Amino acid sequence: MTTYERRDTILHVENISVSYGNKTIIRNVNFEEKDTAVPGKVQGQVIAFLGRSGRGKSTLFRVLTGLEKPATGKVLIPDYSRQPANGQQPAKVVEEGDVGFVDQKYTLFRHKTLYQSLLFALRKSMSSTAEKHGRIMQYLSDWGLEKIKDQYPNEMSGGQRQRTAILEQLLSSGNYMVLDEPFSGLDVGNIENVKAAFELINRSHELNTIIFSTHDIELAVQLADSIYILGHKNCAGSDDAGTIVHHYDLKALGLAWHPNFTPQHLELVQNIRSSLLAS
Ligand SMILES: Nc1ncnc2c1ncn2[C@@H]1O[C@H](COP(=O)(O)OP(=O)(O)OP(=O)(O)O)[C@@H](O)[C@H]1O
Ligand SMILES: [Mg+2]
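Attention here is on the structure that accompanies the text. Just so you know, these numbers come straight off a predicted model, no measurement behind them.

## Topic: the packing of aromatic side chains
On inspection of all chains with the given rule, the structure shows 9 aromatic pairs. When the centroid spacing of 5.7 Å and the interplanar angle of 85° are considered together, the rings of phenylalanine 49 and phenylalanine 61 count as edge-to-face. Note that phenylalanine 49 is positioned in strand β3 (residues 45–50) and phenylalanine 61 in helix α1 (residues 57–64), a separation of 12 residues in sequence. Given a relative accessible area of 0%, phenylalanine 61 falls into the buried group. Put simply, the rings of Phe31, Phe49, Phe61 and Tyr228 touch in pairs and so form one group of aromatic residues. When the ring centre of phenylalanine 120 is taken as reference, the NZ or CZ atom of lysine 112 above it lies at 4.5 Å.

## With respect to the layout of surface pockets
Counted as a void, the largest pocket has a volume near 950 Å³. As for the largest pocket, its lining consists of 38 residues, of which Gly100, Glu168, Gln169, Ser172 and Ser173 are closest to the centre. When contributions to the lining of the largest pocket are tallied by element, the ones reaching two or more residues are β6 (100–102), α2 (114–121), α3 (129–142), α4 (158–172), β7 (176–180) and α5 (188–204). Mapping the lining of the largest pocket onto the domain boundaries places at least three of its residues in each of domain 1 (5–99 + 175–277) and domain 2 (110–172). Every residue lining the second largest pocket is counted, 21 residues in all, and those nearest its centre are Glu199, Gln222, Leu223, Trp257 and His258. Among the elements that make up the lining of the second largest pocket, the one with the highest residue count is α5 (6 residues).

Calculation notes
- Residues numbered from 1 in each chain as written.
- Chains lettered and ligands numbered in written order.
- Predicted model: local features only at pLDDT ≥ 70, side-chain atom pairs only at ≥ 80, totals over all residues.
- Heavy atoms only, no water.
- Phe/Tyr/Trp six-rings, centres within 6.5 Å; stacked < 30°, edge-to-face > 60°.
- Helix = DSSP H or I, 4+ residues; strand = E, 2+ residues; numbered from the N terminus.
- Buried < 20%, exposed > 50% of the residue type's maximum accessible area, 1.4 Å probe, protein only.
- Lys NZ or Arg CZ within 6 Å of the ring centre and 35° of its normal.
- 1 Å grid on protein atoms, 1.4 Å probe; cavity = no way out; pocket = protein on both sides within 12 Å on 5 of 7 lines; lining within 4 Å.
- Points joined across faces, edges and corners; volume = space filled by probe spheres on them.
- Domains from an automatic or database assignment.

Right, here's the structure in full:
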């Protein structure tokens, strides 16, 4: 089991609820994530959300990224523009733009080619044009997108659009990235590319935090160090708003950052499957 230390809070989610009209979609969502530090290693955080269709994952993600104002509650992230007080980093309410977001529909700029989109994503970067070009070309080659760099979104396949959307956020966002079903519709090779990108993001900064949703339980167990199940508490009854029904802390279970998929991982997959079916 890897030794690790829990440090500052990097995400504090308190009593979130969202309603559309008179229908409550999610209710009383609470969780907190800390920066987990592994001695001698840069270790970001990977948090997965699982839940049956319609339980509110995408809705919660829009709240986490500040795109949607919740009816109740708040989402706090550390405010690094202020000095720590009493050893604590002050917190701020998340705002649109603080967190990179790749939505389920992977919205792209219709009138920009892949290359132009990535260049636009780097607009705030201080690097020279030559450096930006080099960085973009490296990513395009790593992600198998070189050949389509001058194509527009309507000339790309679903998987190519998805990887473009992820790359855009990778180049433009800060430490946080929320990805809604980043693996859906990808072929086996593309899944490996996105997994490799997660690994890269994780290794490049201690505070880097990826939050993603998926319907692939095994993938979540392989990649995440913290898994939340969003479901209905009373599946058969009237309480049909989504809320967190389970949290699996893979660090505490000794299953995080594992090179192999062990029988214990498989057992967790089965537990999660039951939890999903019951909620
Ligand atoms: N803008 C909206 N207006 C009204 N209802 C909405 C709106 N957006 C989502 N909903 C409803 O909220 C519920 C949760 O939707 P959401 O997209 O968050 O689910 P999800 O867990 O992401 O599902 P999936 O796994 O299929 O992506 C659904 O019943 C959906 O119909
Ligand atoms: Mg969704």
